[in-house]
Amino acid sequence: RRRRNRCRPQALEEQYSPSRWSPRLDSDTVIQAHMAAMAAGTRRARASTQTALHVPYGAGDGEKLDIYLPPDPAGPFPVLLYIHGGYWQCLSKDESGFAAPPLVSQGVVLVAVGYDTAPRGHMDAMVQQVRRSVVFLVKRFPAARGVYLCGHSAGAHLAAMVLSTDWTEYGVVPDIKGAVLVSGVYDLEPILHTYVNDPLNMSREVARRNSPLLCVPPAAPAGCEVLVAVAQHDSPEFHRQSQEYGQALRAAGWSVSMLDLSGVDHFDIVEKLSEDSYVLTQVGEELPSPL
């Protein structure tokens with residue numbers, strides 16, 4: 001049975017403020033450093049990789065993708081979607097290509113997904129946008145050797161919502177072989193009364209229907225390997241959410257691995273994806289083998 005969150009509102013604010021838990025830098029500095037690291041890594045990736053930028057997957061202004069291609073793009077290859085974080089209200093695909101160089105060198109197509117962040121975008125729409133981006137990519141790369149998802153923080157939430165999708169209404173069934181969910185939020189109810197919800201303006205009903213923890217489907221027959229990763233210096237609430245979501249997936253028959261990464265916080269846990277030797281990068285480089 002799911003534990004009720006007993007934190008007081010002020011305590012919740014702290015628990016869901018990832019920058020307060022970093023031992024490296026103060027709150028403001030760690031966020032600025034994170035955004036700078038992602039932007040610089042993406043500039044390097046665009047300079048060294050064959051790309052197709054700002055590819056529309058829908059009619060909306062935010063519905064665009066950046067595609068990073070391997071040196072030899074011929075033949076079937078795995079497609080990895082990276083879904084950025086930023087608490088559904090900041091960052092974009094334009095800072096989300098930083099992980100491309102080590103992955104494309106191994107023959108993986110990396111796709112950075114854009115979506116309309118709050119306050120322009122609302123939660124239902126963001127979830128639908130990311131789902132439609134998957135449909136678009138399945139049609140664009142029909143010979144792909146499987147689709148893989150990687151999401152960080154709010155992006156991990158959106159990737160988990162992709163896993164909960166009933167694809168019958170979309171007319172395709174994507175071959176999703178794996179997902180790497182990094183420092184995610186899988187139950188949105190605790191953030192309803194925190195600063196996070198100010199631009200989102202979610203009601204309890206919206207939060208519940210967009211909480212992956214509350215809509216875990218039975219595992220697909222083909223199987224999908226899910227890695228739920230959390231940083232040593234994430235808050236106890238982030239650890240709890242990751243643990244409970246991983247357990248819920250397992251209870252529904254999913255193949256799940258849990259990873260608590262030492263020596264990293266909520267931000268550099270994903271920044272290090274630009275490093276070839278990093279454990280999460282190596283997970284991606286093993287595609288299309290099982291994660």
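Conventions and cut-offs
- Residues numbered from 1 in each chain as written.
- Predicted model: local features only at pLDDT ≥ 70, side-chain atom pairs only at ≥ 80, totals over all residues.
- Heavy atoms only, no water.
- Phe/Tyr/Trp six-rings, centres within 6.5 Å; stacked < 30°, edge-to-face > 60°.
- Helix = DSSP H or I, 4+ residues; strand = E, 2+ residues; numbered from the N terminus.
- Buried < 20%, exposed > 50% of the residue type's maximum accessible area, 1.4 Å probe, protein only.
- Pairing = 2+ DSSP bridges.

Participant: I'd love a proper account of the packing of aromatic side chains, names of residues and values included.
Facilitator: Enumeration over the complete set of coordinates arrives at seven aromatic pairs. Relative to F238, the ring of Y16 has its centre 5.8 Å away and its plane inclined at 50 degrees; by these criteria the two rings are tilted. Placement of Y16 in the loop between α1 (9-15) and α2 (27-48) and of F238 in helix α8 (residues 236-251) is noted, with a sequence separation of 222 residues between them. Accessibility assignment for this pair places Y16 and F238 in one class, buried. Arranged with centres 4.5 Å apart and planes meeting at 15 degrees, the rings of Y186 and Y245 form a pair that is stacked.

Participant: Could you give me a rundown of the pairing of strand β2 (residues 64-69), with the residues and numbers involved?
Facilitator: Regular strands show a simple pattern: their side chains alternate between the two faces of the sheet. Burial analysis of β2 places five of its six residues in the buried class, which makes it a mostly covered element. Pairing between strand β1 (residues 50-56) and β2: five bridges, direction antiparallel. For P56, the partnering residue across the bridge sits in β2 and is K64. As defined by bridge partners, β2 adjoins strand β4 (residues 109-113) across four bridges and the pair is classed as antiparallel. Across the sheet, the residue bridging to I67 is V111, located in β4.

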